[in-house]
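# Notes for the structure review
The chain contents come next:
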Amino acid sequence: MDKPAVVVLFGGRSSEHSISSATAGGVLRAINRDRYRVIPVGITRDGAFVLEDDDPDKFALDPSAMPAVLDNGTRIVWPEAAGAHGFAVRRTDGTIDDLGSVDVVLPILHGPHGEDGTIQGFFDTIELPYAGGGVLDSALCMDKHFMKVALQHAGVPVAPWITVRQSEWRGDADAVAARAAHLALPWFVKPARAGSSVGVSKVHGTDELAAALEVAFAEDDKVLVEEGLTGREIEVGVLEGRDGAGSRASLPGEIVLTTREFYDFEGKYLGGDGVEVVCPADLSDQERDAVQAMALRAFAAVDGRGLARVDFFVTDSGPVVNELNTMPGFTPISMFPKCWIASGLSYSDLISELIDTALERVAG
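Since the model is a prediction, treat every value here as computed from it, not as a measurement.

The rules behind the values
- Residues numbered from 1 in each chain as written.
- Predicted model: local features only at pLDDT ≥ 70, side-chain atom pairs only at ≥ 80, totals over all residues.
- Heavy atoms only, no water.
- Helix = DSSP H or I, 4+ residues; strand = E, 2+ residues; numbered from the N terminus.
- Rg over C-alpha atoms; globule rule 2.2 N^0.38 Å.
- Buried < 20%, exposed > 50% of the residue type's maximum accessible area, 1.4 Å probe, protein only.
- Areas by Shrake-Rupley, 256 points an atom, 1.4 Å probe, with all protein chains shown as cover.
- Salt bridge = Lys/Arg side-chain N within 4 Å of Asp/Glu carboxyl O.
- Pairing = 2+ DSSP bridges.
- Domains from an automatic or database assignment.
- Buried area = accessible area lost by both parts, 1.4 Å probe.
- Polar contact = N/O pair within 3.5 Å; in protein donor to acceptor, adjacent residues only side chain to side chain.
- Nonpolar A, V, L, I, M, F, W, Y, C, P; charged D, E, K, R; others polar.
- Contact = heavy atoms within 4.5 Å.

### Points about the overall build of the protein
When its secondary structure is counted, the protein shows 11 helices and 17 strands. Taken against the 2.2 N^0.38 rule, which gives 21 Å for 364 residues, the C-alpha radius of gyration of the protein at 21 Å falls within 12% of a compact globule. Taken across its 364 residues, the protein has 54% of its residues classed as buried. For the protein, the computed accessible surface area is about 15100 Å², with 50% contributed by carbon and sulfur atoms.

### Structural notes on the pattern of salt bridges
Considering all chains together, one arrives at 25 salt bridges under this definition. Put simply, K222 and D143 hold a salt bridge, and the shortest N to O gap is 2.7 Å. Residue K222 is found in strand β11 (residues 222-227), and its partner D143 is found in the loop between α3 (135-142) and α4 (144-153); the two are separated by 79 residues along the sequence. For the pair K222 and D143, one class covers both residues: buried. Overlapping salt bridges, with partners in common, bring together D143, R165, R193, D220, D221 and K222 in one network.

### Quick notes on the pairing of strand β16 (residues 307-315)
Of all 9 residues in β16, 9 are buried, a share of seventy percent or more. A two-sided burial pattern is seen for β16, the buried positions comprising L307, R309, D311, F313 and T315 on one face and A308, V310, F312 and V314 on the other. In this structure, strand β12 (residues 232-239) lies alongside β16, joined through 8 bridges in antiparallel fashion. By the bridge assignment for β16, R232 is matched with V314. For β16 and strand β17 (residues 318-325), the ladder comprises 7 bridges, and the chain directions are antiparallel.

### Some thoughts on the domain arrangement of the protein
On domain assignment, one finds that the protein holds domain 1 (5-130), domain 2 (139-158 + 230-344) and domain 3 (161-227). Summed over both partners, the interface of domain 1 with domain 2 buries about 1300 Å², with 70% contributed by carbon and sulfur atoms. Contact with domain 2 buries surface across domain 1, with I19, L61 and E115 losing the most and accounting together for 36% of the total. One can count 3 residue pairs in polar contact (both at pLDDT 80 or more) joining domain 1 with domain 2. Per element, the largest residue contribution to the side of domain 1 that touches domain 2 is 5 residues, and it comes from helix α1 (residues 17-30). Within the side of domain 1 that touches domain 2, the residues separate by chemical class into 11 nonpolar, 5 polar and 2 charged.

### Concerning α4
Turning to α4, its buried residues are K144, H145, M147, K148, A150 and L151. Contacts from the buried residues of α4 go to α3, β8 (161-165), β9 (187-191), β11, α9 (285-301) and β17. Residue D143 occupies the N-cap position of α4, its side-chain oxygen lying 3.1 Å from the main-chain nitrogen of H145. Downstream of α4 by a residue or two, G155 has a phi angle that is positive, lying close to 80°.

### A look at the environment of D221
By the element assignment, D221 lies in the loop between α7 (209-217) and β11. Taking C-alpha positions, D221 is 7.7 Å from P191, a pair spaced 30 residues apart along the chain. When near neighbours in sequence (up to four residues on either side) are disregarded, D221 contacts V164, R165, Q166 and R193. A polar contact is formed between the side chain of D221 and the side chain of R165, at a distance of 3.5 Å. In this structure the side chain of D221 is engaged in a polar contact, spanning 3.0 Å, whose partner is the side chain of R193.

As structure tokens, this is what we get:
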């Protein structure tokens, strides 16, 4: 029997392009070649779909030279009709090479145009199976405002916040500041639709709000000002159930800050000092069960599919959900794989789990 053909799709137009590319390096190295035929497809920062080199070293995570998808002149020819799985590439000289039939796409994209339901809608339209979140949960969780609204409606606790539009701030900054005044300091100011802590600032006083908003508005015209909570930063991985079984949660991990203000981009990806990623977290059985149960509730509240990482603050009054990521950091050193490795699922097997879940969904 022919091996299922998997398109590993990465890069993209968002500010998280390099992180997605680095994730591709890890996935291309670890994916089970005995089980799958792999077709690497990159998306340049300008949105061109190109056939990439099947070379993990090309996309290694290097803080001095972050990996990227460059335009090599090729163009991917997607299936021409719904339900057709034929896949091809147009070379620089105009010739078209058949790449065979594609069974499933593994989109390891972060941020807008990849993690927000748009690429998922494209694949749904042409009826091409794909792993990970669907249109609804991707769109909901990409927009932190609506994610919080959905979680609140389901009775899942979230940090108090206000949402600010750029036009509102430009029109009446005093009114925005007045609305934020009921939130206890410090605040976290973050773009509504960005990830990897891009554009996020910690605000210790009201005099810092304007500068923090400008940083966030550079990423998105909708921004959250969120009350900073005191508690341990705990993260739990969730995987969609298979064969009719319910979703399952990993052992929790913990972000331990020593000298860093918060878990920012440098701490996540560039080896910055002052932060440790610990998994499994040192929790009591009761605390572990509580965050795992709440992670599954949050996943269900957003109609989760495929996978998610659910981030918590475990406060004196219990766990509070910070956010859900439908395509969490997926490099070999990221929390989501670490939590599943601690739970008994290797990095390679985790990749297979996502692919097989998507294939079973279609078959079922």
